[in-house]
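Per-entry structural report
The residues making up each chain are set out below.
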Amino acid sequence: MKRYILFFIALHFSLPGLAQHQAKQWVFGQGLGMDFTTPQVSYFSTPWTAVMNNNNDLNQSSVYCGKDGKLIIYFLNGKYYDKDFTLISGGEVHNYMLSTHLVYNNSKPSFFIDVDENTLLHYYVFGEFYPPRWTNNLKIRLNKIKLLNNTVISIDSVDTYAPNSPISNLYNFQRPININPIPILDKNIILLPKEDITHFATLVSIDTTGFNIINNHNLTTQQFLPNFHMAPDLFHFYHPLNQNIYTFGNHFQLNQLPHTFIVKTKHINSFNFENIFQSPKYTIFPNKYNLRLENLKISTTIQGRYVYIFGNQTNEPNQPLKILRGDLFSKDSIEFYNSILEIPLPQYIPGIWLFEHKYFLDAQSAPDGNIYFSIFTQSPSSSFNNTNNDPSNKYLHRIVNPEDKDSNNIQVQMNIHTFPDWSLFASFPGLSTNQLMPPPFEVLSACSDSVHLDLNYKNIIDSVWWDFGDPVGLGAANNSSVVSPVIKYPNYGKYYVSVQLWFDGDTLRTLGDTVLVEPVPHVEFPFHDTLICIGESVTMDASQGFEASYLWSTGSTDSVLEITETGLYWVQVSTACGTAYDTVQVRVIRAPEEAVHDTSVCFFGPVLFDVSADSATYLWSTGSTEPTFAPRQIGNYWVEVQNICGGYYKEFRVELENCEKTLYIPNAFTPNGDGVNDCFQVSAENVADYHIQIFNRWGTMVYSSTDPKECWDGQYQGKPVQEGVYLYLIRYTDRDGNLQTPKRGEIVLYR
């Protein structure tokens, strides 16, 4: 422990930000746990080992969570545990014990402070056994904890703060021990009570070198009225938005009950503090309900707008427990006094009834926006069993909607959960301001086309002014006065977003945090219809340059698809920000094949040349670019046909010929073997599909042929037929395949 007198030249200072490590998992009591990482709070249990007899352990606890709010390390009753509830190697404090004489003087003596990404500081209080069941000669131990990838790799002792005189109330085992860290001048300061004639508190800074006492501060009793007593050990709270420090105090007047106050001070520079309201309005909480100072428990709401005060009115029998609420953002002490209202309990709970005493044990705001609290019952059996604890310390209660401006919407719910007997003792985990209060805003949607931010401090501000961190890309849209804005970023990536909070016509504070803007998938192929040749392929690439899932119509899940067959192909690209879709039509084609040659054309009808090919271009010697060509005269011609797979150039000649269809059918023949007109033959020109049938007078077919070059020799079944008249039927087509009218007639056979 060192003593420093600090001198500062520069007046500029900054305070640690808010956007870090809100604790959403709590560990406290005799191994109790609450989990706020889901919409509804859940409960769990952790290892716990008693140090003192008869359930007298104060069970001081503190937790440190990652950016997701989940546990990384926690401290419970003298031991360090990891996120899996396993005792960390070297994490057991030797000769540790802590209890208290007056249980209603509850304590928050243990806190984690983050130095950098891989370094934590942690301090806790321990003492010596003081019979029959208490500890005194209290000291504060400071440890340094090294992390690697959110895993504890070492715990080392740095310093011990040991007051050497009873002048410090830390020495007094009958006092509570609340030593919340306060960020001032980039340092973490704790306030310890000091009842001398000059200062009401000892200021001690904490860093990796140890505890450093700050002597040249002006938190003196001269700032306040005579007979004014400050009690930072009972309560002090640093509000990061208005940068004020709130501390309990008592004002004593002869033959009158003491008045309880909350004093509001603000750091100005170089550890000079200013009392915000000067006399006679130098405090902001005159206790109009006459609650006893030593019995009070305090909790601010999650946004820090309201303070809830839990306490007993007097030590007289039948006086009920009370819960009050006041507005910390009141303009002055009178407005604050008028803002105080009672939040009724659903049932009458006397502080003293016969031989039984009840006190509020602890109260603390949680990430779900509610305030959780516990009530302690001290019965005659507690003293008889030589314990500060009681088996009834197991019931959990809460205040729902404590931040609501309309007090009619606030509900006090009793006995929402029951823990094991004795176990809810004595306080919730020690959480610094950064661990209690939420980040500046929530990112409801991080997709670049619609980043939706929602301010976490709506109940405090009058107006806001956002800076979205991309003045070049967003232009005028880089700023907004909307409480819950939606931004369309031109690119994905990291942006530092800040929001300036305004209250009562003045700037309250500017808060900021880094927002990771997620990309929206987009697919647009360079073409949507393409040709490839047989044996070739085309590669379609849907890669996004960031993590995404892919699905092709073929079932492939790769980002790239190689296509070799004709078809319609599609791809879906999906991320948390949506799905993109595109298609491509691929056709596989052949090279053109030669389809022209030398040919003859009828005198009365043209021939048609057709050189059609897949996706080809055509050029004829006549200048035509059509796939077909019908020459009208004889001559030499050429054609050129091309596509992406190849082509050809071909010359050919067209001649003219007689294409008239003619049939010459004789009407008689003499098959007598004289060599003259012995055979019946039809002469056919430009005829195809020829078929002749010859019948006798009785209808018997005596001859049939499909070859016009054949002739009938007048025989049937190898024997000459009789002279007479025979009938013929000729069916045929022209050479283009067109069916012609059948020919019928008679022929005469002579012998």
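Before reading on, note that the structure itself is shown above.
These lines cover the structure that appears in this document, whether it is placed above or below.

How each quantity is defined
- For every chain, the first residue of its written sequence is number 1, and the numbers climb from 1 along that sequence.
- Residues qualify for local features only when their pLDDT is at least 70, as the model is predicted, and side-chain atom pairs are given and counted only at 80 or more; totals for whole chains, interfaces and linings, by contrast, use all residues.
- The side-chain numbers reported here are obtained from all heavy atoms of the structure, hydrogens and water having been left aside.
- Elements are defined by DSSP. Helices are runs of H or I of four residues or more, strands are runs of E of two residues or more, and each kind is numbered from the N terminus.
- Per-residue accessibility, obtained with a 1.4 Å probe over protein chains only, is compared with the maximum for each type, and a residue is labelled buried under 20%, exposed over 50%, and partly exposed between these values.
- We call two residues in contact when some of their heavy atoms are within 4.5 Å.
- The Shrake-Rupley method, run with a 1.4 Å probe, gives the accessible areas here. Residue values count only the displayed protein chains as cover.
- To form a nonpolar core, buried Ala, Val, Leu, Ile, Met, Phe, Trp, Tyr and Cys residues must be joined to one another through side-chain atoms within 4.5 Å.
- Strands qualify as paired when DSSP identifies two bridges or more between them.
- Axis geometry follows a simple rule: fit a line to the C-alpha atoms, using only the stretch in contact for helices, then measure angles between N-to-C directions, giving values from 0 to 180 degrees.
- Cysteine sulfur atoms are paired as a disulfide whenever they fall within 2.5 Å.
- Each Phe, Tyr or Trp ring (for Trp, its six-membered ring) is paired with any other whose centre lies within 6.5 Å, and the angle between the two planes then decides the class: stacked below 30 degrees, edge-to-face above 60, tilted in between.

1. Details of the overall build of the protein chain
Looking only at helices and strands, the protein chain has four helices and 58 strands in total. Across the 751 residues that make up the protein chain, the buried fraction comes to 50%. Long-range contacts, defined here as pairs at least 24 residues apart, represent 56% of the contacts in the protein chain between residues at least 6 apart. For the protein chain, the exposed area adds up to about 34,800 Å²; of that, 49% sits on carbon and sulfur atoms.

2. Looking at the nonpolar core
Counting residues in hydrophobic clusters, the biggest one holds 64 residues, and the most contacted among them are Trp26, Leu453, Trp466, Tyr489 and Leu501. Ranked by residues supplied to this core, first place goes to strand S36 (residues 493-503) with five residues. Among the nonpolar cores identified, the runner-up in size contains 40 residues, and Leu58, Ile145, Tyr161 and Leu361 belong to it.

3. Focus on the sheet that holds strand S7 (residues 79-82)
One open sheet holds the four strands; their spatial order is S5-S6-S7-S8, and the pairing between them is antiparallel. Looking at which strands have only one partner, the edges of the open sheet turn out to be strand S5 (61-65) and strand S8 (87-92). Averaged over all neighbouring strand pairs, the angle between strand axes comes to 15 degrees, with direction disregarded. One ladder, built from five bridges, connects S5 with strand S6 (residues 71-76); its direction is antiparallel. The residue of S6 that forms the bridge with valine 63 is tyrosine 74.

4. Section: the pairing of strand S22 (residues 297-300)
A two-sided burial pattern is seen for S22, the buried positions comprising Lys297 and Ser299 on one face and Ile298 and Thr300 on the other. Relative to strand S23 (residues 306-312), S22 is paired through four bridges, and the arrangement is antiparallel. Along S23, the bridge assignment pairs lysine 297 with phenylalanine 310. A loop of five residues connects S22 with S23, the two strands running antiparallel in sequence, and glycine 304 in this loop sits at a positive phi of about 85 degrees.

5. Considerations on the sheet that holds strand S11 (residues 134-148)
A sheet is described by the order of its strands in space; here four strands give the open sequence S9-S10-S11-S12, paired in antiparallel fashion. Bordering the open sheet on either side are strand S9 (111-116) and strand S12 (151-161), each of which pairs with just one other strand. On average, each strand axis in the sheet is inclined to that of its neighbour by 30 degrees, with strand direction left out of account. Sheet topology note: the strand S10 (residues 119-130)/S11 ladder contains 11 bridges and is antiparallel. Counterpart to histidine 122 in the pairing with S11 is asparagine 143.

6. Observations concerning the state of the cysteines
All told, the structure shown has three disulfides when counted by the stated rule. Each sulfur of the disulfide joining cysteine 447 and cysteine 577 lies 2.1 Å from the other. Because the torsion about its S-S bond is -95 degrees, the bridge between cysteine 447 and cysteine 577 counts as left-handed. Here cysteine 447, found in the loop between strand S31 (441-445) and strand S32 (451-455), pairs with cysteine 577, found in the loop between strand S42 (567-575) and strand S43 (578-589); they are 130 residues apart in sequence, far enough to count as distant.

7. What to know about the packing of aromatic side chains
One pass over the structure, following the stated rule, counts 38 aromatic pairs. Measuring from ring centre to ring centre gives 4.3 Å for tyrosine 489 and tyrosine 495, while their planes differ by 35 degrees; the resulting arrangement is tilted. Judged by its relative accessible area of 10%, tyrosine 495 is buried. Relative to phenylalanine 652, the ring of tyrosine 637 lies with its centre 5.8 Å away and its plane at 20 degrees, an arrangement referred to as stacked. Of the two residues, tyrosine 637 sits in strand S48 (residues 635-643) while phenylalanine 652 sits in strand S49 (residues 646-657), which places them 15 residues apart along the sequence.

8. Some thoughts on the environment of tryptophan 620
Considering the arrangement of structural elements, one finds tryptophan 620 in strand S46 (residues 617-620). Overall, the relative accessible area of 1% leaves tryptophan 620 in the buried class. As a C-alpha pair, tryptophan 620 and lysine 650 span 30 residues in sequence and 9.7 Å in three-dimensional space. What tryptophan 620 contacts, discounting residues up to four positions off in sequence, is Val596, Phe609, Val611, Glu626, Pro627, Thr628, Phe629, Trp638, Val639 and Phe652.

9. Thoughts on the environment of valine 702
Along the chain, valine 702 turns up in strand S54 (residues 701-705). Residues valine 702 and leucine 727, spaced 25 residues apart in sequence, show a C-alpha to C-alpha distance of 10.0 Å. Those residues in contact with valine 702 that sit more than four places away from it in its chain are Ile694, Phe695, Asn696, Trp712, Gln715, Tyr716 and Tyr726.

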